[in-house]
Amino acid sequence: MAKKMYAYVGNWNFFPADKGISCYTYDPETGSLGFIETIEPEVCAGQIWIHPEKPILYAVNEKGDLDGKMGGGGYVLAYSIDPESGKLTRISNIESLCTEPCYVVVDKSRKHVLVSQHADPFYVTRVVKHGDGTWGNQIIMEEAGLALIGLNEDGSLDRIKDMYFTKTNGGLEGDSKKLVDPVTGHVQLTRVISRQHSVMPSPSENFYVVCDKGMDRVYTFGVDADNSKLILLDEYLDDLGVFPRYSTFHPEKKVLYTNNERKCEIHVFNYTEEGKIGLIQKVDILTDEYKGKEYSINVRPMGAQDILAHPNGKAVYCTIEGGDNLLATLKVQEDGTLTLVQNIDCEGIMPRGICISPDGRFLLSGNLTSGDVTVFAIDEDGMLSYTGQKFEAVSPSAIRIFEADH
């Protein structure tokens, strides 16, 4: 008897409702989805993660305000997965303490989850009295803390065990800039505050990569599981204003790939198991057909959203949104570097999250603005072709597939 498979979609947007987590059946033969339900539409579930060994799904509630309060941060949530129905039941949640927690992964020991936190350009002006009796003011910016949260034996969330605050300027100085998104009006800051946009385990799970789009940095961290401590291993200062966003690893080669929210490039790094990284390539993700459109009038500058390496290691895929809404296919060379081979329409608007099926046959694109999930076949050479399948969704951001174990 074939195992039951489910797809879970975390929904994200700027608006106060119509978010939540959507549950679907997944057909591995066709890549098709069957809608089950959407739960907790008030939860801004920008990212979700499935426990590698337990039927547990973790999600972040990417918000700035605690329930019924002003400020205080967001939440991290844990749900049990019913293997018969695919439905989710919340089993625990805790406050993340910082605003906009935006990525969650389980650590190698299975004793913790790591949560990166985006923060937002909020600030407080405090009036202070100097030692000489004169008065002035002090501007305090938000902090971004990488949280290490303990897990109970059943996979539920315990409490925050450690927090690492990545560096920040804390104000407009030097090469820092205040930017405003032309579509949403959302404030984007360049090298003003730290904004940890993602955390991703290496294939061995010996270390974790954190992309900080606020300070244009890529960090690596280790976890001392016995003492529940985060350990900074390495740090790379990227190009000004590129906004490193997400990362993915080659499944076999010691190669790491990061994408950039404000530049249509993937940056390729070698790495060691000790978490040391070194840049080896910057590769464009736009074919000649689309070059020159990166800054079309009245639309968001084109840039990357999600990135994934195929499980067979032959290709890397990246989403591109802005003037055009595209998926990029890049062929992996022998040394792990990339060659761009394809741009294809995502068949929706704002492709935010992608997922590759466990058997590597299909790629699912979650298109946030058009509110749908489109399905692409992955050919032997890694190229994508649209299957014609489009499934209604809410505001899809992250997609994960779960295979029930009976």
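Residues numbered from 1 in each chain as written. Predicted model: local features only at pLDDT ≥ 70, side-chain atom pairs only at ≥ 80, totals over all residues. Heavy atoms only, no water.

Here we look at the side chain of Ser 397
Okay, step 1: Within the fold, Ser 397 resides in strand β32 (residues 396-403).
Okay, step 2: A distance of 2.8 Å separates the side chain of Ser 397 from the side chain of Arg 352, its partner in a polar contact.
Okay, step 3: With sequence-adjacent residues up to four places away left out, Ser 397 is seen in contact with Val 9, Gly 10, Asn 11, Trp 12, Gly 46, Arg 352 and Gly 353. (Helix = DSSP H or I, 4+ residues; strand = E, 2+ residues; numbered from the N terminus. Polar contact = N/O pair within 3.5 Å; in protein donor to acceptor, adjacent residues only side chain to side chain. Contact = heavy atoms within 4.5 Å.)

Some thoughts on the pattern of salt bridges
Where charged atoms from two side chains of opposite charge come close, those side chains can pair.
Okay, step 1: In this structure the tally under the stated criterion is 22 salt bridges.
Okay, step 2: Two residues, Glu 334 and Lys 253, come together in a salt bridge whose shortest N-O distance is 3.9 Å. Of this pair, Glu 334 sits in the loop between β26 (326-332) and β27 (338-345) while Lys 253 sits in the loop between β20 (244-249) and β21 (255-260), placing them 81 residues apart in sequence.
Okay, step 3: Lys 254 is the partner of Glu 273 in a salt bridge, and the nearest nitrogen-oxygen pair spans 3.7 Å. With Glu 273 in the loop between β22 (265-271) and β23 (277-284) and Lys 254 in the loop between β20 and β21, the pair connects residues that are 19 residues apart, well separated along the chain.
Okay, step 4: A single salt-bridge network, built from bridges that share partners, covers Glu 29, Asp 359 and Arg 361. (Salt bridge = Lys/Arg side-chain N within 4 Å of Asp/Glu carboxyl O.)

What to know about the packing of aromatic side chains
Okay, step 1: Under the counting rule described, the total for this entry stands at ten aromatic pairs.
Okay, step 2: Considering the side-chain rings of Tyr 164 and Phe 221, the 5.0 Å spacing of their centres and the 70° angle between planes classify their relative orientation as edge-to-face. One end of the pair, Tyr 164, is in strand β13 (residues 157-165); the other, Phe 221, is in strand β18 (residues 217-224), with 57 residues separating them in the sequence.
Okay, step 3: On the basis of relative accessibility, which here comes to 0%, the residue Phe 221 falls in the buried class.
Okay, step 4: For the ring pair Phe 376 and Tyr 386, a centre distance of 5.3 Å and an interplane angle of 45° mean the geometry is tilted. Of this pair, Phe 376 sits in strand β30 (residues 372-378) while Tyr 386 sits in strand β31 (residues 384-392); the two residues are ten residues apart in sequence, bridging distant segments of the chain.
Okay, step 5: Given a relative accessible area of 0%, Phe 376 falls into the buried group.
Okay, step 6: Judged by relative accessible area, Tyr 386 falls into the partly exposed class, the value being 29%.
Okay, step 7: One aromatic cluster is present, formed by Trp 49, Tyr 103 and Tyr 246 through successive ring pairs.
Okay, step 8: Lying over the aromatic face of Tyr 246, Arg 245 brings its terminal NZ or CZ to 4.8 Å of the ring centre. (Phe/Tyr/Trp six-rings, centres within 6.5 Å; stacked < 30°, edge-to-face > 60°. Buried < 20%, exposed > 50% of the residue type's maximum accessible area, 1.4 Å probe, protein only. Lys NZ or Arg CZ within 6 Å of the ring centre and 35° of its normal.)

Focus: the side chain of Ser 247
Okay, step 1: Looking at the secondary structure, you find Ser 247 in strand β20.
Okay, step 2: You can call Ser 247 buried: its relative accessible area is 3%.
Okay, step 3: Leave out the neighbours within four places in its chain, and Ser 247 touches Ser 198, Met 200, Val 209, Cys 211, Leu 256, Tyr 257, Thr 258 and Ile 307.

So, the sheet that holds strand β3 (residues 33-39)
Okay, step 1: The sheet built from four strands is open, its strands ordered β3-β2-β1-β32 with antiparallel pairing. On the outer flanks of this sheet lie β3 and β32, each paired with one strand and no other. Along the sheet, successive strands turn relative to each other by an average axial angle of 25°, direction set aside.
Okay, step 2: As defined by bridge partners, strand β2 (residues 21-26) adjoins β3 across six bridges and the pair is classed as antiparallel. (Pairing = 2+ DSSP bridges. Axes fitted to C-alpha atoms, helices over the stretch in contact; angles between N-to-C directions.)

Some thoughts on the environment of Tyr 246
Okay, step 1: When you line up the elements, Tyr 246 lands in strand β20.
Okay, step 2: Taking the C-alpha atoms as reference, Tyr 246 lies 20 Å from Gln 342; in sequence the two are 96 residues apart.
Okay, step 3: In this view, Tyr 246 contacts Gln 47, Tyr 103, His 197, Ser 198, Cys 211, Tyr 257, Thr 258, Asn 259, Gln 305, Asp 306 and Ile 307; residues no more than four positions away in its chain are not counted.
Okay, step 4: At 3.1 Å, the side chain of Tyr 246 and the side chain of Gln 47 are in polar contact.

Side note on the nonpolar core
Okay, step 1: Tyr 58, Val 113, Leu 157, Tyr 257, Ile 266, Ile 285 and Leu 338 are the most contacted members of the largest nonpolar core, which has 60 residues in total.
Okay, step 2: Looking at which element gives the most residues to this core, the answer is strand β12 (residues 145-151), with five residues.
Okay, step 3: Ignoring sequence-local partners within four residues, the contact set of Val 113 consists of Tyr 58, Val 104, Val 105, Val 106, Ala 147, Leu 148, Ile 149, Leu 151 and Leu 157.
Okay, step 4: In terms of nonpolar packing, the next biggest core, distinct from the first, is built from 18 residues, Leu 57, Ile 81, Leu 88 and Ala 398 among them. (Core = buried A, V, L, I, M, F, W, Y, C linked by side-chain atoms within 4.5 Å.)

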